[in-house]
Amino acid sequence: MKFLKKSMFIFYSGILLIFLNVCKSGRETKMKYDIYTLKNANGLEAKITNYGGILMSLMVPDRNGQFADIVLGYDTVEEYVKNNPYFGVIVGRYANRIAKGKFTLDGEEYILAKNNGENHLHGGIKGFGAVKWNAEKIEGPNGKSLKLTYLSKDGEEGYPGNLSVAVVYTLTDDNELKIDYSATTDKTTIVNLTNHSYFNLAGQGEGDILGHILMINADRFTPINRNFIPTGELRPVRGTPFDFTKPTAIGARINQKNEQLIFGNGYDHNWVLNKKDAELSLAARVYEPRTGRVMEVYTTEPGIQFYTGNFLDGSIKGKGGKVYKFRYGFCLETQHFPDSPNKPDFPSVVLKPGEKYTQTTIYKFLIK
Ligand code: BGC
């Protein structure tokens, strides 16, 4: 009898514990992260979460005034937490690759995680796109903004220095999504921040992006080796499938037997923008002929990574149950060049105490 009572007690306590845990995890996933909405006077709408600073959705009209969400992603924050090929995230501390996950600063070698073959990619195992940011809605001079802040501790992911980062998303009444990044450090470090949205101007999940017409304001690009690391050369695009100085369909040359396209499995390269210093200037323009949506990208950065979603393979089910197949989205990541910490001839990514890192990028929406 005593034995029966004891086992009943253990059984019911077990059930209670499981029940309490389920409630707790439900509460945690619900409470942990928030979603903020920015709207402008023309009905454009951006949703951003404080998990990774992810741009979860961006509603933009077509030439008939029909709104569609033009960024790939998930309906819930929990799905981003589970598995995210960088959909919409803020990338840092160093966007793109660092060869062999190491670099030297002031004579000291720093070792980072090798989370992409033998290289370090997008800030490491838990980059800025997978951490919780502080968020605050603010009313800026150009419209409604969301200010995100994050303190990346000295040694986080192997990087030196406490880096204090701020990212402000603003949706202006000129139909621009403006992203202002800034950072300061207490020890010499490296910084390269960007946003990793995958766009499809026909609407997320609405087919591949090969028919989009692209212009990139760059006469040169940084060719890569088989491991996606720049060779150091700034190669002229003229006469190659990398020439987007005149608007050209993304798919027009993507399958050519070109060594660089083979290495990248398509476009997955950094272009060297035509510009003076760090002026805010036009980097790229994309036009989607079916819907008439146009996106212009302006940036203060010297480079832009154009990536054609070559690693999408249909295994991800995104928003509204849409399946993201090969090349269903493209990224235009404004940035410093990949592997700059190991390429003394590339523009510097070093940030010293007392200095302020800044970068501004604008995604502007128009119709044609
Ligand atoms: C890189 C790709 C990488 C992708 C991950 C891009 O920024 O250029 O090589 O696979 O991010 O989503």
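Note that the structure is predicted; figures quoted are calculated from it, not measured.

Concerning the pairing of strand E28 (residues 357-367)
For E28, the tally of buried residues reaches eight of 11 residues, placing the bulk of the element in the interior. Inspection of the sheet shows strand E13 (residues 176-185) paired to E28 by eight bridges, in the antiparallel sense. The residue bridging serine 182 from the neighbouring strand is threonine 358, located in E28. Inspection of the sheet shows strand E22 (residues 293-299) paired to E28 by seven bridges, in the antiparallel sense. The residue of E28 that forms the bridge with valine 294 is leucine 366.

Concerning the packing of aromatic side chains
Applying the stated criterion to the full structure yields 25 aromatic pairs. Consider the rings of phenylalanine 87 and tyrosine 198, whose centres lie 4.9 Å apart with planes at 75 degrees: the pair is edge-to-face. One end of the pair, phenylalanine 87, is in the loop between helix H2 (77-82) and strand E5 (90-91); the other, tyrosine 198, is in the loop between strand E15 (194-195) and strand E16 (213-216), with 111 residues separating them in the sequence. Residue phenylalanine 87 shares its accessibility class with tyrosine 198, and that shared class is buried. Judged by centre distance (5.6 Å) and plane angle (80 degrees), the rings of phenylalanine 87 and tyrosine 324 are edge-to-face. Residue phenylalanine 87 is located in the loop between H2 and E5, and its partner tyrosine 324 is located in strand E25 (residues 323-324); the two are separated by 237 residues in the primary sequence. Both residues of the pair, phenylalanine 87 and tyrosine 324, belong to the buried class. Feature note: the residues Tyr74, Tyr80, Phe87, Tyr198, Phe228, Tyr307, Phe311 and Tyr324 constitute an aromatic cluster, connected by ring pairs. Lying across the ring of phenylalanine 244, arginine 253 places its NZ or CZ 4.7 Å from the centre. The residue whose ring lies beneath lysine 368 is tyrosine 287, and the NZ or CZ to ring-centre distance is 4.2 Å.

Quick word on the sheet that holds strand E3 (residues 55-61)
An order of E1-E2-E3-E4 is seen for the four strands of this open sheet, with the pairing classed as antiparallel. Strand pairing shows two members of the sheet lacking a second neighbour, strand E1 (35-39) and strand E4 (67-69), which therefore form its edges. Put simply, the sheet's adjacent strands are angled 15 degrees from each other on average, direction ignored. Examined bridge by bridge, E3 and E4 share three bridges and lie antiparallel to one another. Bridge pairing in E4 places proline 61 opposite phenylalanine 67.

So, the site of the ligand
Within the structure, the ligand sits among Pro85, Tyr86, Arg97, His122, His196, Tyr198, Asp268, Gln305, Tyr307, Phe311 and Glu333. Within the contact set of the ligand, an oxygen atom lies 3.2 Å away from a backbone nitrogen or oxygen of proline 85. Contact distances for the ligand include 2.8 Å between an oxygen atom and a side-chain N or O atom of histidine 196. Taken by itself the ligand offers 310 Å² of open surface, and the protein chains cover 95% of this. A breakdown of the residues in the shell around the ligand according to their chemical character gives five nonpolar, three polar and three charged.

Observations concerning the sheet that holds strand E20 (residues 268-273)
Spatial ordering of the open sheet is given by E18-E17-E20-E23-E26, a layout of five strands whose pairing is antiparallel. Each edge of the open sheet is held by one strand with a lone partner, namely strand E18 (235-236) and strand E26 (331-335). Sheet analysis places strand E17 (residues 218-222) next to E18, joined by two bridges and oriented antiparallel. Bridging from a neighbouring strand, phenylalanine 221 pairs with arginine 235 of E18.

Cut-offs applied
The numbers attached to residues start from 1 for each chain and follow its sequence in the written order. The model is predicted, so local features are restricted to residues of pLDDT at least 70 and side-chain atom pairs to those at 80 or more, both for listing and for counting; the totals for chains, interfaces and linings are taken over all residues. As a rule here, side-chain values come from all non-hydrogen atoms in the structure, and water together with hydrogens is ignored. Here the term buried applies to any residue with accessible area under 20% of the maximum for its type, exposed to any over 50%, and partly exposed to those in between, with areas from a 1.4 Å probe on protein chains only. Under the DSSP-based scheme used, a helix requires at least four consecutive residues in state H or I and a strand at least two consecutive residues in state E, with every element numbered from the N terminus. At least two DSSP bridges between two strands are needed for those strands to be called paired. Stacked, edge-to-face and tilted labels apply to pairs of Phe, Tyr and Trp rings (six-membered ring for Trp) whose centres lie within 6.5 Å, assigned for plane angles under 30 degrees, over 60, and everything in between, in that order. Here, a charge over a ring means that NZ of Lys or CZ of Arg falls within 6 Å of the ring centre while also lying within 35 degrees of the ring normal. Fitted lines through C-alpha atoms give the axes, limited to the stretch in contact for helices. The angle between two N-to-C directions lies from 0 to 180 degrees. We call a residue near a molecule or strand as soon as one heavy atom of that residue lies within 4 Å of the molecule or strand. Definition of a polar contact: a pair of N or O atoms within 3.5 Å, with one able to donate and the other able to accept a hydrogen when the atoms are protein atoms, and with sequence-neighbouring residues admitted only if both atoms are side-chain atoms. Computed with a 1.4 Å probe, the accessible areas rest on the Shrake-Rupley method; for each residue, only the protein chains presented here act as cover. Just so you know the grouping, Ala, Val, Leu, Ile, Met, Phe, Trp, Tyr, Cys and Pro go in nonpolar, Asp, Glu, Lys and Arg go in charged, and all remaining residues, Gly too, go in polar.

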